[in-house]
Protein chains: 2
Amino acid sequence: MPADSSVRYVYQFSEIAAVRASVGGDWQAVRALLGGKGANLAEMSSLGIPVPPGFTISTAACRDFLAADARLPGTLWDEVLAAVRAIESATRKRFGDRDNPLLVSCRSGARQSMPGMMDTILNIGLNDEVAAGLARRSGDERFAFDLYRRLVQMFGSVVMGVPDEVFDAVITAQRNRLGVTSDAGMDAAHWRLITARFKEIYRTYTGADFPADPYDQLRLATEAVFRSWNGKRAVDYRNAAGIPHDLGTAVNIQTMVFGNMGANSATGVAMSRNVSTGERELEGDFLFDAQGEDVVAGIRLTQPLAQLAQQMPEIYREFAGIAARLETHYRNVQDMEFTIEQGRLWLLQTRDAKRTAQAEVRIAVDMVEEGLITREEALRRVRPEQVDFFLHPQLEPDAVRRAELIGSGLNVSPGAAVGMVALDAALAQRWGRDEDKPVIMVRPETKPDDVHGMLAARGVVTSRGGRTSHAALVARQFGKPAVVGIEALEIDLERREMRLGDVVVREGDWISIDGSNGLVYVGKLPTLVPDLSNTYLIRLLEWADEVRRLEVWANADYPRDAARARLYGAQGIGLCRTEHMFFEAERMPLVQRMIMAREPSERNEAIAALLPPQRSDFEGLFRAMEGRPVTIRLLDPPLHEFLPAYDELAEELANLKVRLQHLRSIAEIDETLEQIRVKQHVLERVRALREQNPMLGTRGVRLGIQLSELTRMQVRAIFEAAVACTREGIVVMPQVMIPLVGHVNELRIQREVLEREVKQVLAENGNIRIPYTFGTMIEVPRAALTADEIATVAGFFSFGTNDLTQMTFGISRDDAERGFMREYQARGILEDNPFATLDRNGVGRLMRLAVEAGRATNPQLHIGICGEHGGDPRSIAFCHEIGLDYVSCSPYRVPIARLAAAHAALGV
Amino acid sequence: MPADSSVRYVYQFSEIAAVRASVGGDWQAVRALLGGKGANLAEMSSLGIPVPPGFTISTAACRDFLAADARLPGTLWDEVLAAVRAIESATRKRFGDRDNPLLVSCRSGARQSMPGMMDTILNIGLNDEVAAGLARRSGDERFAFDLYRRLVQMFGSVVMGVPDEVFDAVITAQRNRLGVTSDAGMDAAHWRLITARFKEIYRTYTGADFPADPYDQLRLATEAVFRSWNGKRAVDYRNAAGIPHDLGTAVNIQTMVFGNMGANSATGVAMSRNVSTGERELEGDFLFDAQGEDVVAGIRLTQPLAQLAQQMPEIYREFAGIAARLETHYRNVQDMEFTIEQGRLWLLQTRDAKRTAQAEVRIAVDMVEEGLITREEALRRVRPEQVDFFLHPQLEPDAVRRAELIGSGLNVSPGAAVGMVALDAALAQRWGRDEDKPVIMVRPETKPDDVHGMLAARGVVTSRGGRTSHAALVARQFGKPAVVGIEALEIDLERREMRLGDVVVREGDWISIDGSNGLVYVGKLPTLVPDLSNTYLIRLLEWADEVRRLEVWANADYPRDAARARLYGAQGIGLCRTEHMFFEAERMPLVQRMIMAREPSERNEAIAALLPPQRSDFEGLFRAMEGRPVTIRLLDPPLHEFLPAYDELAEELANLKVRLQHLRSIAEIDETLEQIRVKQHVLERVRALREQNPMLGTRGVRLGIQLSELTRMQVRAIFEAAVACTREGIVVMPQVMIPLVGHVNELRIQREVLEREVKQVLAENGNIRIPYTFGTMIEVPRAALTADEIATVAGFFSFGTNDLTQMTFGISRDDAERGFMREYQARGILEDNPFATLDRNGVGRLMRLAVEAGRATNPQLHIGICGEHGGDPRSIAFCHEIGLDYVSCSPYRVPIARLAAAHAALGV
């Protein structure tokens, strides 16, 4: 008994009621004191579930031990002795007794499960006399010495740090000598011999005899568990996982029960439901006549739990009943360890089971229907990232384990894709048309004129580029799995092959990629294709919709994207990037003609020719989103993006000039001269448009003001399409979005010009009524800072957090992600990648300012976000917090965003 | 008399006391009611100064007239008639009387002088009969008809809009017919004839006869003045000058007096002091027997005022007395018009005189000493820009008027320079050494290896680049006048000439440039060289120093800059750009070796070799700034700025490869191959360092973290220099400034590394005590937004408003200033260039946030600005307003900033 009655370190499993009372009934406080494992054992005891008697040494003891320079605090050992006596009386065995010995296990157990700490020592209490006695009493000498050698090995390796391999080597040598392949070939004498060897090894390594006194064993094991809390691996893990270092671990001392005591003994693990699919069935594996570690180690072939129902129906029923009670008690699927000792069932552990995303969703929904949990609880359980699983094919996990990994890059667009390597867009398109020739397009990087190849391909791989590279943006846009920026990847267009280190993959060979983790495998791996029509997910997302306040919109440039977005639950289009329409193969020549025009008339002709295709794009969008807002951003990128690259042009010109020297016919010379003239003209234009920092250059509204013919054409296309739809009875809500505004005057002047065009189109069509708004991106820091001014001429704001983050940090993302940002993240200078998760303190502060200032001068202002952060759960939580009206993300992230928005509303 | 006695529109000059009383004695309200001219005339009357009798129709009358659709408001005309009668009785003449006629002038006069409005009509009251009577009474028919034809011409052109040229053509034709070259050749008959023609012209253009009734003349003239308030030119002017449109103009009706009534008559203008130099002497010009406009028109050669003292000593004394009284009354130098009519002196106008910067300063200081104004008043009067005059040579204004202007560009570094064109740096240096061969270096753009040429040149001209181009920065740094970005400038290095349109200037020819307005002239223009040792300026700036709260520091990279800065009154160095030291010719190879190093050892050797020169630079700075803080910014620019440009390298490589084909000797081939290898190595490095948006790339602290050996070397150099100086008894206060910080962790991690180096250096030197601080630039928006966090690890903040403006606006300045920014300013989208004057609403808001947040967590935080705005008066006012501690600007702007800071403190 403790000298100071107010401090108590040791609790019997059966004392859970007292413990709970001492911490005011708080379950978390119980776990903090007893650790997860100890608390669950006590909990089971109190439910009347058969748990081998035992006790827990609290985390407080660990803390005091460490604080006292690794000395057991005052009363602790006395309490342990008392607790051992209590077990002895419960089991009617005695610790260290040679006739009727009590053996115990010693296990660590912190509040949270935590790798890196000392784990388990079984069979404590054995020594030469006790082993002999146990052999006598059990009538099974082999059993007794098998237990004894395990104790010496575990104690030696785990407590004293003797290398495990040395013990294993002895067993292997013994087997070889006997010519047997498994431990089954060993008899009692062999184990006794091995036990003796083990003790010698122990002495050699530790310089001391193996402790024969069972209490010494127990004390040393307990101290070792305490010390392991501050072991390097445990500290590293806590640092990484953000677990405080001052919690300490508990120690659980529990009576050993034995599943290896003959045919009416067994041991196993079981889950209360199927953790792969979520189905309501008890599942697990067990072994007759075995100890627990044998099941996990996979040395012997286990049997499915169903077999137990056949062979021990009563025990099975008892276990099934316990599993159901534990599920009800914990309101969660349980992962349980059990042992059957000579016909008697014992539970050794229970905990919430790990499960797949698919199972998580189904179990959550099922448990709501079973009345176990509330809808809110179900929503809280499923992480938004888990929804992603339903949206993309996955590589089959077993196949992945066996596959040859050949490279890794940035995981820019999730999902798995399997196909034949095609090294250019034309080939990708040709092959890709054929159902039997799925293609992975592999390029150094992609450009607008590769898009048709990307569309035809199942997936995309590049050696260059970052998360906002063209390849990444387009791949995400179209839901194509993609891995980009694989630095080690060499692409040899002469030999038509790609090389990754020593591996050569020829064009046409199969590869498999996983865009969710950025890995590339050689060969054709099988895939799993989950889908969003999963009824459980649909129900869950419906519940999410009831809870969330934020609307979820989608970024979609084409009618087919819009249709998918709507299917996935998007409530509007938050961003249609009109320039993507310009990049289409048949339109590029028109766009280039516009840029190259020497005369206004020529330019206006090209612009006029772009009107009909733009109009039909918008019509498609409006039809797909009938009755919902469609936000169309006017032309954003700098013009030079539509022209060939300067370096390429310069090289082509140089080549043409060289060629000229070798020509003989006048016709050829004339032709080449003409080509040179044309290229020179393009080169001059490219040079004139070239900018030192194109990200901060002439684009967005700056271009729209300079080239208002173009934005006027776009607005005309939008409203002519709107008129056509309205005439058919389709409700259309166009929102015209002006990008890159930094000063209210930019928006004012551009809006005036465009609003005139709108009025004109409507007047041409009998002043038909169409509800529309003009608004702006908030993506330049100054726009956020002067949101009060800008809001007076904007119907809505949409935060373009990609650019806003770049400018606020002063970081060019593509440059940085292949440069200093890696080091910054590795060294913890930046905790998160601010391009993946909104930077609350910096960019977030700016957003908050903008929301407050904007609403101050325009209380009706509608505010959303259309940067990539709109699909990131943590960023969505922030958007909720600062009072945005909606988030807009890629169609494939809409379901994730719906759940994340619900989480935000629930304060998860 | 007005029907409603509370409204009164017309005031006699003599009624000033009543007017003043009616507006509560407020002088500004008097001017608002009577206009500036009317108020001054009334004021002079009240001082007993001889002013021809007259009255003012108030601005209220104008407002009511315009509000009533251009009808004279109710009682106005009655009041005018009464006022005319009052003048009649004062002058004992009668309006329209053929025997003793009163003639009057009619002049507009708004609160502020304002071009674009109807100005003056003289001689109102003449018709055929009155003219005949006047001829009789004066005995001078020529005089009478000269007045009459002037009235018809002025009334026709000014009131009725008849083209002035038509009248002039008649006079010219008449002269030609007579064969005379000036009006002196005309006699009475000629003027009578011309008067008749003028009336015909009047009838032809207006469809009506010239109004014979003097009252019709007066009414029409008054109405025309009122209407001209809303004329297009006046409205445009008010828009541009920010004058409200609802003020209205007053009309002054005044008795005509005549300086052209013989040898005892005269007319002239005079200033109460010399407005060029500020000397205390009455100066002016006059003509005997002439009307006022003749003096201004420059038709006749005027006489200096001294002549009047000779010829009419009494009148001169009277005038000098009046001038002195007016100066005392207005406490300012007066610009006066006077007329002597037959021996009697009349003052027709007085106003504050316009003056040169030099005169402004001297007059302000003199008037303080004379007790006329307070020091504060003197400070208020001198605009900071006027101080600039004392700092740079100026082109001689008369010479400029005659010179051939050949081009204009950006005025990036003020002052005039005259020299011979040198088209490369080597030549500039060779010639520039010779006192007799001053050089203007002309280049397409400049680079680090042009700096020695720029130093040797008197001025710099480039065809490319903007306000932050290398040429602009370096030129400002060294106070070299510069004009950059002259788009029309072609430089032909083959022919060694420059072309601007049709003008060809050969190398060695003289040109003159004015960096204050960006103009380039052909030839060797004379210059004026004012200087800062002007004792008046020194006194004024001393008074400024007493008043201001902001400290003024300087940006200086070299000891010679620091010395100048100190001479000009800098209280510290706010920015020493260490990379400028790297650009020096003998150090570049070391810097390049460091960048190109393949092995860390090689790199560290190069870095070590840079230590001694850096140390000696810093020693020089510390000596120059003894006892004052010196802020040294660690390396900022991206590494590729120290390597040749990619395009150039690629071209050189291509050339070498071509050359290889033509070589015959093995030795030459080997040598060329080696050159190719070297260049290829450099090219690869340049390619690797290339960034899409270098402004947002790997530079500043990002580089410092990656390459901490380099920043550690810089810190070592700083503190070894500090130790050396301290040992000599020189007080040194180094402030180490870390650039481009966006996240507190960047600063923390870099500071830790550097602080260790500091401790190390101090330990190596017996732990000598040196007061130092570490601080950071605030130039990334995120730094401003998270200033509270950053301030916890910074001793000072220095706003880098160049980059802060670029990032906050999302504008790359160099790109923008040759692109869309021109249109933005032309169209008024941006009122000011935000790179010249701080953008209060956007960037300013961010600064204010940062100051508040930074001081909240670190009340001792010292805050300044070192961007170019630190030398801009309006920006300085803002810095004062948000509570900065200091501004830092180029040495040449320090005196300006001292005055601007005083203005800020005075709330000017």
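For chain A, the count of helices and strands is 38 helices and 33 strands. When the accessible area of chain A is evaluated, it comes to approximately 36400 Å², of which 48% is carbon and sulfur surface. Charged side chains in chain A number 106 positive and 122 negative. The centres of these two groups are separated by 1 Å.

With that out of the way, let us pick up the pattern of salt bridges. One pass over the full model with this rule turns up 126 salt bridges over all chains. When the shortest N-O distance is used, the salt bridge between A:E223 and A:R219 registers 3.7 Å. Residue A:E223 and its partner A:R219 are both found in helix α9 (residues 214-228); the two are separated by four residues, about one turn of the helix. For B:E546, the salt bridge goes to B:R375, with nearest N and O atoms at 3.2 Å.

Residues and elements named next belong to chain B. A sheet is described by the order of its strands in space; here five strands give the open sequence β10-β9-β8-β11-β12, paired in antiparallel fashion. Looking at strand neighbours, the two that pair on one side only are β10 (303-304) and β12 (344-352), the edges of this open sheet. Sheet topology note: the strand β9 (residues 283-288)/β10 ladder contains two bridges and is antiparallel. Across the sheet, D285 pairs through a bridge with P304, a residue of β10. With respect to the sheet, helix α13 (residues 313-330) is in contact with β8 (266-271), β11 (334-341) and β12, its orientation differing from that of β12 by roughly 30 degrees.

Turning to the interface of chain B and chain A, a few remarks are in order. In this complex, chain B contributes 50 residues to the contact, which on the side of chain A involves 50 residues. Between chain B and chain A, the buried area comes to about 4500 Å², and carbon and sulfur atoms account for 51% of it. At the surface where chain B touches chain A, the tally comes to four salt bridges. Residue B:D647 pairs with A:R690 through a salt bridge whose shortest N-O separation is 3.3 Å. Counting across the chain B and chain A interface gives 28 residue pairs in polar contact (both at pLDDT 80 or more). With six residues, helix α36 (residues 840-857) of chain B is the single largest residue contributor to the side of chain B that touches chain A. Considered class by class, the residues forming the side of chain B that touches chain A number 21 nonpolar, 15 polar and 14 charged.

With that out of the way, let us pick up the side chain of A:N100. Mapped onto the fold, A:N100 is located in the loop between β3 (94-95) and β4 (101-102). For A:N100, the contacting residues outside a window of four places in its chain are A:R92, A:K93, A:R94 and A:R137.

In this section: the pairing of strand β22 (residues 503-506) of chain A. Residue and element names in this part refer to chain A. Relative to β22, strand β21 (residues 497-500) is paired through four bridges, and the arrangement is antiparallel. Following the sheet pairing, M498 is matched in β22 by V505. Counting the residues that bridge the hairpin from β21 to β22 gives two residues, and of these G501 lies at a positive phi of roughly 65 degrees.

The final tally for this structure, using the stated rule, is 37 aromatic pairs over all chains. Pairing A:W27 with A:Y330 gives two aromatic rings, centres 6.5 Å apart and planes at 45 degrees, and the pair type is tilted. With A:W27 in helix α2 (residues 27-46) and A:Y330 in helix α13 (residues 313-330), the pair connects residues that are 303 residues apart, well separated along the chain. By relative accessible area, which is 14% here, A:Y330 ends up buried. The structure contains a cluster of three or more aromatic residues connected by ring pairs, namely A:F145, A:Y148, A:F155, A:Y202 and A:F210. In this structure, A:R560 packs its charged tip against the face of A:Y558, placed 4.8 Å from the ring centre. A cation over a ring is seen here: B:K524 above B:W510, with NZ or CZ 4.2 Å from the ring centre.

Before going further, it helps to spend a moment on the sheet that holds strand β1 (residues 10-12) of chain B. Residue and element names in this part refer to chain B. What the five strands build is an open sheet, ordered β1-β2-β7-β5-β6; its pairing is antiparallel. The strands lining the two open edges of the sheet, one partner per strand, are β1 and β6 (120-124). On average, each strand axis in the sheet is tilted by 20 degrees relative to the strand beside it, whichever way the strands run. Where strand β2 (residues 54-57) and strand β7 (residues 250-255) come together, four bridges link them in antiparallel fashion. Bridge pairing links I57 to V251 in β7. The strands that helix α2 (residues 27-46) touches are β1, β2, β5 (104-109) and β7; relative to β7, the one it contacts most, it runs at about 25 degrees.

A word on empty space enclosed by the protein. For the structure shown, the criterion picks out two cavities of 30 Å³ or more. In this structure, the largest cavity spans a volume of roughly 50 Å³. Along the walls of the largest cavity sit A:F809, A:I811, A:F820, A:Y824, A:L830, B:R702, B:G742, B:H743 and B:E746, which together make up its complete lining. Here the residues of the lining of the largest cavity sort into five nonpolar, two polar and two charged. Considering only enclosed or pocket space, the second largest cavity measures out at about 40 Å³ in volume.

Residues and elements named next belong to chain B. Close contact between helix α4 (residues 76-91) and helix α9 (residues 214-228) brings their axes to 12 Å; oriented N to C, the two are set at 120 degrees. Taken as axis vectors, α4 and α9 run oblique relative to one another. The hand of the α4/α9 crossing is right-handed. For the pair α4 and α9, contact is made by L76, W77, V80, L81, V84 and E88 and by Y215, L218, R219 and F226, respectively.

Cut-offs used in this document
- Residues numbered from 1 in each chain as written.
- Chains lettered and ligands numbered in written order.
- Predicted model: local features only at pLDDT ≥ 70, side-chain atom pairs only at ≥ 80, totals over all residues.
- Heavy atoms only, no water.
- Helix = DSSP H or I, 4+ residues; strand = E, 2+ residues; numbered from the N terminus.
- Areas by Shrake-Rupley, 256 points an atom, 1.4 Å probe, with all protein chains shown as cover.
- Lys, Arg positive; Asp, Glu negative; His and termini not counted.
- Charge placed at Lys NZ, Arg CZ, Asp CG, Glu CD.
- Salt bridge = Lys/Arg side-chain N within 4 Å of Asp/Glu carboxyl O.
- Pairing = 2+ DSSP bridges.
- Contact = heavy atoms within 4.5 Å.
- Axes fitted to C-alpha atoms, helices over the stretch in contact; angles between N-to-C directions.
- Buried area = accessible area lost by both parts, 1.4 Å probe.
- Polar contact = N/O pair within 3.5 Å; in protein donor to acceptor, adjacent residues only side chain to side chain.
- Nonpolar A, V, L, I, M, F, W, Y, C, P; charged D, E, K, R; others polar.
- Phe/Tyr/Trp six-rings, centres within 6.5 Å; stacked < 30°, edge-to-face > 60°.
- Buried < 20%, exposed > 50% of the residue type's maximum accessible area, 1.4 Å probe, protein only.
- Lys NZ or Arg CZ within 6 Å of the ring centre and 35° of its normal.
- 1 Å grid on protein atoms, 1.4 Å probe; cavity = no way out; pocket = protein on both sides within 12 Å on 5 of 7 lines; lining within 4 Å.
- Points joined across faces, edges and corners; volume = space filled by probe spheres on them.
- Parallel < 35°, antiparallel > 145°, perpendicular 65-115°, else oblique.
- Left-handed = near helix turned anticlockwise from the far one by under 90°.

So, to be careful, I would describe these as geometric facts and stop short of saying anything about function.
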